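Descriptive structure summary
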Amino acid sequence: MSDTSPGPEEVRHVADLARVGLDDEEVERFTDQFADILDYFETLDEVPEVERETELVNVMREDEARECLSQDEALANAPETEDGYFKGPNVS
């Protein structure tokens, strides 16, 4: 582990910021997990950068106007429609 391993107070601080209540057992468990996560980030810092192509070229095809579906065709398989539109579930 790194020399800057987080302690229980840092885990409690992060939990407070996230508005997550942790008991003492959870703080202890997450302290070890938090240290492991920070170690993984340190490992990622050691990965060398990969050289990449500086001039990227768009390989997508050009847009072409094509015949569209009619409104009736587009709505034909919809489970529910209303006034010529797709109808979905109410979201609250």
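Further up the page is the structure itself.
Everything numeric in this text was worked out from a predicted model, so none of it was measured. (Residues numbered from 1 in each chain as written. Predicted model: local features only at pLDDT ≥ 70, side-chain atom pairs only at ≥ 80, totals over all residues. Heavy atoms only, no water.)

A separate point is the overall build of the chain. Check the secondary structure of the chain and you find three helices and two strands. Listing every helix and strand of the chain by position from the N terminus yields α-α-α-β-β. A compact globule built from 92 residues should have a C-alpha radius of gyration of about 12 Å, whereas the chain, at 27 Å, is more than 25% larger. The principal-axis extents of the C-alpha atoms in the chain amount to approximately 65 × 45 × 20 Å. Burial analysis of the chain (92 residues in total) assigns 12% to the buried set. At a minimum sequence separation of 6, the contacts of the chain that also span at least 24 residues come to 34%. In the form shown here, the chain has an accessible surface area of approximately 9200 Å², with 50% of it arising from carbon and sulfur atoms. (Helix = DSSP H or I, 4+ residues; strand = E, 2+ residues; numbered from the N terminus. Rg over C-alpha atoms; globule rule 2.2 N^0.38 Å. Buried < 20%, exposed > 50% of the residue type's maximum accessible area, 1.4 Å probe, protein only. Contact = heavy atoms within 4.5 Å. Areas by Shrake-Rupley, 256 points an atom, 1.4 Å probe, with all protein chains shown as cover.)

Turning our eyes to something else, we now look at the side chain of Thr-31. Relative to the elements of secondary structure, Thr-31 occurs in helix 2 (residues 24-45). Apart from residues lying up to four places away in sequence, Thr-31 is in contact with Pro-6, Gly-7, Pro-8 and Val-11.

Moving on to the pattern of salt bridges. Scanning the model with the defined rule gives two salt bridges in all. Salt-bridge contacts for Glu-82 lead to Lys-87; the nearest nitrogen and oxygen are separated by 3.2 Å. Using a relative accessible area of 41% as the deciding quantity, one classes Glu-82 as partly exposed. (Salt bridge = Lys/Arg side-chain N within 4 Å of Asp/Glu carboxyl O.)

A separate point is the environment of Pro-48. With respect to the secondary-structure elements, Pro-48 resides in the loop between helix 2 and helix 3 (71-75). Residue Pro-48 is classed as exposed on the basis of its relative accessible area, which comes to 63%. On a C-alpha basis, the gap between Pro-48 and Arg-12 in space is 34 Å, while along the polypeptide they are 36 residues apart.

Taken as a whole and assessed by the stated rule, the structure comprises zero aromatic pairs. A cation over a ring is seen here: Arg-29 above Phe-30, with NZ or CZ 5.1 Å from the ring centre. (Phe/Tyr/Trp six-rings, centres within 6.5 Å; stacked < 30°, edge-to-face > 60°. Lys NZ or Arg CZ within 6 Å of the ring centre and 35° of its normal.)

Our focus in this paragraph is a negative patch on the surface. The grouping of Asp-23, Glu-25, Glu-28, Asp-32 and Asp-36 at the surface amounts to a negative patch. Within the secondary structure, Glu-28 sits in helix 2. Since its relative accessible area comes to 59%, Glu-28 is described here as exposed. (Patch = residues over 30% accessible without salt bridge, like charges linked within 9 Å, V, L, I, M, F, W, Y side chains within 5 Å. Lys, Arg positive; Asp, Glu negative; His and termini not counted. Charge placed at Lys NZ, Arg CZ, Asp CG, Glu CD.)

As a further point, take the layout of surface pockets. Considering only enclosed or pocket space, the largest pocket measures out at about 150 Å³ in volume. As for the largest pocket, its lining consists of Val-11, Val-14, Ala-15, Ala-18, Val-20, Leu-22, Phe-30 and Phe-34. Element by element, the count of residues in the lining of the largest pocket is highest for helix 1 (residues 8-17), at three residues. Classifying every residue of the lining of the largest pocket by side-chain character gives eight nonpolar, no polar and no charged. (1 Å grid on protein atoms, 1.4 Å probe; cavity = no way out; pocket = protein on both sides within 12 Å on 5 of 7 lines; lining within 4 Å. Points joined across faces, edges and corners; volume = space filled by probe spheres on them. Nonpolar A, V, L, I, M, F, W, Y, C, P; charged D, E, K, R; others polar.)

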